[in-house]
Amino acid sequence: MFSSIELFAGAGGLALGLERAGFEVLNLIEIDHDASLTLKNNRPKWNVINDDIANISRENLCEYFKLKIGELDLISGGAPCQAFSYAGKRLGFEDARGTLFYHYALFLKKLQPKIFLFENVRGLLSHDHGRTNKIILKVFGECNYIVKQKILNAWDYGNAQKRERLITIGINKNFQDKIKINFPEPHKYKPVLRDILNDVPESPGAEYSKGKREIFKLVPPGGNWRDIPDDVAKNYMKSCYNMSGGRTGILRRMSLNEPSLAVLTSPSQKQTERCHPIYERPFNIRESARIQSFPDEWEFFGSISSQYKQIGNAVPVNLAFEIGKEIIKGLENFKCGT
């Protein structure tokens, strides 16, 4: 079995998918207390480190994790990427200091795993006119990796959700001629909400106000504010009514015949509604988890708002699984010498 360490592990969507693909998850680092409880309670065998990654990255990581340099197969995770410094205009490792990404890079530099998997929002490509991603790629190179990037949509990989993620895979330069990894091919069938919302276990969830429920009764499945009487829409939207743009996220009700839009960290945001196709309410905890392809037995801990946040921040499990399978293929071929 191939080994991995996960950084910024959250509620475990990425780690669970990689485990399913065949990785032995040795250690997971997560600063959020509730997310750490979710990891520990669902996978007691996982070594979950509830701490700030900055406290760990300064250590001698080989001694800390009892690993030799280059022994680890994979480091995975997705660091939030703040703006970087351009004072020195070096566009490299030093420019990343003071950011969470810097600590991800330190793990690579110190442990030199054979492969890394770095996931982030697609907006990273355009963040600060592309300069943030430029620094990230340069830092990966300085850490001894060649990289490839691609935007993958979870809907193409067994998730009933349109959710695009920027996936970056790095191969240690010491193995660049021996390890080849492809991005997964999209599935022929792409699921819709009708495929996953059957027999969902009961769970708590957010509710709309009485007035908002009455308005949503006017919105057909797949519709939004444009599909209700104009006077009702004007009263609900107020100043937003005269704003430019489509504003199609306002009073948006999903349809059973379509995938969900990206699951959010908060279930009720006026500009980005995700109303249930049948009921006048947001998706509840277990429905949201289904959309993110978490198994029903995966229990989330903390307050309702914390659980929504954990689910919304997660990598869809099925997407992680498909990426993990391709990484496993590359490692198996390397191991077999082919």
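Residues numbered from 1 in each chain as written. Predicted model: local features only at pLDDT ≥ 70, side-chain atom pairs only at ≥ 80, totals over all residues. Heavy atoms only, no water.

**Student:** Lay out unusual backbone geometry with the relevant residues and their values.
**Tutor:** Residues other than glycine predominantly adopt negative phi, and peptide bonds predominantly adopt the trans conformation. Even without a glycine there, the phi angle at lysine 66 is positive, about 55°. Looking at the secondary structure, you find lysine 66 in the loop between α4 (61-65) and β4 (74-77). Of note in the backbone geometry, glutamine 112 takes a positive phi value of approximately 50° without being a glycine. Positionally, glutamine 112 belongs in the loop between α5 (100-111) and β5 (115-121). The buried category is assigned to glutamine 112, whose relative accessible area is 12%. (Helix = DSSP H or I, 4+ residues; strand = E, 2+ residues; numbered from the N terminus. Buried < 20%, exposed > 50% of the residue type's maximum accessible area, 1.4 Å probe, protein only.)

**Student:** An account of the packing of aromatic side chains is requested, with residue identities and associated values reported.
**Tutor:** Under the counting rule described, the total for this entry stands at 15 aromatic pairs. The interplanar angle of 85° and the centroid separation of 6.3 Å between the aromatic rings of tyrosine 104 and phenylalanine 116 together place this pair among those described as edge-to-face. On the criterion of sequence distance, the pair formed by tyrosine 104 in helix α5 and phenylalanine 116 in strand β5 is long-range, its members being twelve residues apart. Look at tyrosine 104 and you get buried, because its relative accessible area is 0%. On the basis of relative accessibility, which here comes to 0%, the residue phenylalanine 116 falls in the buried class. Feature note: the residues Phe101, Tyr104, Phe116, Phe118, Phe140 and Tyr145 constitute an aromatic cluster, connected by ring pairs. When the ring centre of tryptophan 46 is taken as origin, the NZ or CZ atom of arginine 43, which lies over that ring, is 5.8 Å away. Above the ring of tryptophan 155, the side-chain terminus of lysine 190 is found at 4.1 Å from the ring centroid. (Phe/Tyr/Trp six-rings, centres within 6.5 Å; stacked < 30°, edge-to-face > 60°. Lys NZ or Arg CZ within 6 Å of the ring centre and 35° of its normal.)

**Student:** If you had to explain the nonpolar core to someone new, which residues and values would you point to?
**Tutor:** One finds Phe65, Tyr104, Phe107 and Leu111 to be the most contacted residues of the largest nonpolar core, which totals 29 residues. Mapped onto this core, the elements with two or more residues apiece are β1 (2-7), α3 (53-57), α4, α5, β5 and α6 (131-142). Counting residues per element, this core draws most heavily on α5, which supplies six residues. Core analysis: the second largest hydrophobic core is formed by 27 residues, Leu28, Ala160, Met254 and Phe294 among them. (Core = buried A, V, L, I, M, F, W, Y, C linked by side-chain atoms within 4.5 Å.)

**Student:** Lay out the sheet that holds strand β6 (residues 145-153) in plain terms, naming residues and giving numbers.
**Tutor:** If you trace the seven strands from one edge of the open sheet to the other, you get β3-β2-β1-β4-β5-β8-β6, paired in mixed fashion. Each of the sheet's edge strands pairs with one partner strand only, and the pair in question is β3 (47-49) and β6. Between one strand and the next, the sheet's axes are offset by a mean angle of 20°, whatever the strand orientation. In this sheet, strand β2 (residues 23-29) lies alongside β1 in parallel orientation, the contact comprising six bridges. (Pairing = 2+ DSSP bridges. Axes fitted to C-alpha atoms, helices over the stretch in contact; angles between N-to-C directions.)

**Student:** Describe the pattern of salt bridges, naming the residues involved and giving the relevant values.
**Tutor:** In total, this model carries 16 salt bridges according to the counting rule given. When the shortest N-O distance is used, the salt bridge between arginine 122 and glutamate 164 registers 2.6 Å. With a gap of 42 residues between them, arginine 122 in the loop between β5 and α6 and glutamate 164 in strand β8 (residues 164-172) connect regions that are remote in the sequence. Its relative accessible area of 41% is what places arginine 122 among the partly exposed residues. Judged by relative accessible area, glutamate 164 falls into the partly exposed class, the value being 35%. Note that lysine 217 is salt-bridged to glutamate 214, the shortest N-O span being 3.1 Å. By relative accessible area, which is 52% here, lysine 217 ends up exposed. By relative accessible area, glutamate 214 is classed as partly exposed at 41%. (Salt bridge = Lys/Arg side-chain N within 4 Å of Asp/Glu carboxyl O.)

**Student:** Please set out the environment of glutamate 202 residue by residue, giving values where relevant.
**Tutor:** With respect to the element layout, glutamate 202 can be found in the loop between α7 (193-196) and α8 (210-216). What makes glutamate 202 exposed here is its relative accessible area of 81%. Along the sequence, glutamate 202 and serine 266 sit 64 residues apart, while their C-alpha atoms lie 19 Å from each other.

**Student:** Explain helix α2 (residues 33-42) residue by residue, including any values.
**Tutor:** For α2, the complete set of buried residues consists of Asp34, Ala35, Ser36, Thr38, Leu39 and Asn42. Buried residues belonging to α2 abut β2, β3 and α11 (304-313). With a side-chain oxygen lying 3.1 Å from the backbone nitrogen of aspartate 34, the N-terminal cap of α2 falls on aspartate 32. (Contact = heavy atoms within 4.5 Å. Polar contact = N/O pair within 3.5 Å; in protein donor to acceptor, adjacent residues only side chain to side chain.)

**Student:** Explain the pairing of β2 residue by residue, including any values.
**Tutor:** Burial within β2 is extensive, with five of its seven residues counted as buried. The parallel pair β1 and β2, bridged by helix α1 (residues 13-21), forms a crossover whose chirality is right-handed. In this sheet, β3 lies alongside β2 in parallel orientation, the contact comprising three bridges. Its bridge partner lying in β3, isoleucine 29 is registered against isoleucine 49. Following the chain from β2 across α2 to the adjacent parallel β3, one finds a crossover that is right-handed. (Right-handed = clockwise from strand over helix to strand, strands pointing away.)

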